[in-house]
Amino acid sequence: EDQVTQSPEALRLQEGESSSLNCSYTVSGLRGLFWYRQDPGKGPEFLFTLYSAGEEKEKERLKATLTKKESFLHITAPKPEDSATYLCAVQSLGKTSYDKVIFGPGTSLSVIP
Amino acid sequence: NAGVTQTPKFRILKIGQSMTLQCTQDMNHNYMYWYRQDPGMGLKLIYYSVGAGITDKGEVPNGYNVSRSTTEDFPLRLELAAPSQTSVYFCASSRGEAGNTIYFGEGSWLTVV
């Protein structure tokens, strides 16, 4: 069964304290892995798409990496405005015209000044 | 850019009432989706559509209905509301090709009492 898990469930960092969020997945075939940011009371906002193992993408203080079984979202020198829930999603190969997208439960990040 | 727009933002329903959540997108996307998000559970797909006139069930379709008469609009109908349908609902859209980004609306908070 296709599955996406994220760890930790919640993370508190001091401003400037770098860390990583983990997304582990089990799918029959990977079409793409997505990272989203979700602020309280808002819809998920797209950050990155990764398609194959070894791929990396960066945006400001965020860097996403992908292996065959997991993805990491590295946060370098975070600021309070990076506080949000980060969602990982995996698109798997489908048997119909629809390639299913499965979301993980998210990691809630708090960055303390 | 408006993107994905959903209404209402907040609604309180009594058990047994019915209502429709409206969703429209202005990106000319073929694929549209309805998700619900419960605390700690991640986003669960309710229904999706790959084009006008075509809809299909997702993971949690019971108690809901959809229609897709135009490319832009994808309303979600709740019949005979139950407390288990208390949740945050997100409408989303994508071009539909493999690995394509899914764009989300701002969410609709529904409480059934």
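The structure under discussion appears in the preceding block.
All of these numbers come straight from a predicted model, not from anything done at the bench.

A. Seen up close, the nonpolar core. With 23 residues, the main nonpolar core has L33, W35, L73 and Y86 of chain A as its most contacted residues. At the level of elements, β2 (10–14), β3 (19–26), β4 (30–38), β5 (45–50), β7 (62–66), β8 (70–75), β9 (84–92) and β11 (107–112) of chain A are the ones that each hand at least two residues to this core. Formed by 19 residues, the second largest nonpolar core is a distinct cluster that contains M19, Y47, V66 and Y89 of chain B.

B. A look at the pairing of β8 of chain A. Residues and elements named next belong to chain A. Side chains S71, L73 and I75 project from β8 onto a buried face, and the interleaved E70, F72 and H74 project onto a face without burial. Alignment of β3 against β8, held across 6 bridges, turns out to be antiparallel. Paired with C23 across the bridge in β8 is S71. Looking at chain direction, β7 and β8 are connected through 5 bridges and run antiparallel. Residue L62 lies in a different strand from β8, and its bridge partner there is I75. Following β7, the chain reverses through 3 residues before pairing antiparallel with β8.

C. Representation of the sheet that holds β7 of chain A. Residues and elements named next belong to chain A. One open sheet accounts for 5 strands, arranged β1-β3-β8-β7-β6; its pairing is antiparallel. Across the chains shown, the open sheet's two edge strands, defined by having one partner strand only, are β1 (3–7) and β6 (56–59). Neighbour to neighbour, the strand axes of the sheet diverge by 15° on average, direction disregarded. Two strands pair when backbone bridges link them, and β6 and β7 are joined in this way by 4 bridges, in the antiparallel orientation. In the strand pairing of β7, E58 is matched with K63.

D. Representation of the interface of chain B and chain A. Taken together, the contacts link 21 residues of chain B with 21 residues of chain A. Of the roughly 1700 Å² buried where chain B meets chain A, counting both sides, 58% is carbon and sulfur surface. Along the contact surface separating chain B from chain A lie 1 salt bridge. A salt bridge links E106 of chain B to K42 of chain A, with the shortest nitrogen-to-oxygen separation between them at 3.3 Å. Put simply, chain B and chain A have 4 residue pairs in polar contact (both at pLDDT 80 or more) between them. Sorting the residues of the side of chain B that touches chain A by element identifies β4 (31–38) and β5 (42–51) of chain B as the ones contributing at least two each. With 5 residues, the top contributor of residues to the side of chain B that touches chain A is β5 of chain B.

E. A look at the pattern of salt bridges. This structure, assessed with the given rule, holds 7 salt bridges over all chains. A salt bridge links R36 of chain B to D38 of chain B, with the shortest nitrogen-to-oxygen separation between them at 3.1 Å.

F. Summary view of the state of the cysteines. Overall, the coordinates contain 2 disulfides over all chains when judged by the stated rule. Each sulfur of the disulfide joining C23 of chain A and C88 of chain A lies 1.9 Å from the other. Its torsion about the S-S bond being -60°, the disulfide of C23 of chain A and C88 of chain A is classed as left-handed. Remark: C88 of chain A occurs in strand β9 and C23 of chain A occurs in strand β3; sequence separation between them is 65 residues. Given the relative accessible area of 0%, C88 of chain A is considered buried. A sulfur-sulfur distance of 1.8 Å marks the disulfide that ties C23 of chain B to C91 of chain B. Here the disulfide of C23 of chain B and C91 of chain B is left-handed, its torsion about the S-S bond being about -75°. In this pair, C23 of chain B is assigned in strand β3 (residues 19–25) and C91 of chain B in strand β9 (residues 87–94), connecting sequence segments 68 residues apart.

Thresholds, definitions, all that
- Counting restarts for each chain: residues are numbered from 1 in the order of the written sequence.
- To read the labels, note that chains go from A and ligands from 1, taken in the order they are written.
- Confidence filtering applies because this is a predicted model: local features only for residues at pLDDT of at least 70, side-chain atom pairs given and counted only at 80 or more, and all residues used for totals across whole chains, interfaces and linings.
- Excluding hydrogens and water, the side-chain values take into account all heavy atoms of the structure.
- Think of a nonpolar core as a cluster: buried Ala, Val, Leu, Ile, Met, Phe, Trp, Tyr and Cys residues, connected wherever their side-chain atoms sit within 4.5 Å.
- Burial status follows relative accessibility: with a 1.4 Å probe on protein chains alone, a residue under 20% of its type maximum counts as buried, one over 50% as exposed, and anything between as partly exposed.
- Runs of H or I in DSSP of at least four residues are treated as helices and runs of E of at least two as strands, each being numbered from the N terminus.
- For two strands to be treated as a pair, DSSP must find at least two bridges joining them.
- Throughout, an axis means a line fitted to C-alpha atoms (over the contacting stretch in the case of helices), and angles, computed between N-to-C directions, take values from 0 to 180 degrees.
- Contacts between residues were defined by any pair of non-hydrogen atoms, one from each residue, lying within 4.5 Å.
- Note: buried area is the sum, over both parts, of the accessible area (probe 1.4 Å) each one loses when the two are combined.
- We define a salt bridge as a contact between a side-chain nitrogen of Lys or Arg and a carboxyl oxygen of Asp or Glu at a distance within 4 Å.
- The term polar contact refers here to a pair of N or O atoms within 3.5 Å; inside protein, the definition further demands a hydrogen-donor-capable atom paired with an acceptor-capable atom, and it admits residues adjacent in sequence only when both atoms are side-chain atoms.
- A pair of sulfur atoms, both from cysteines and within 2.5 Å, is called a disulfide here.

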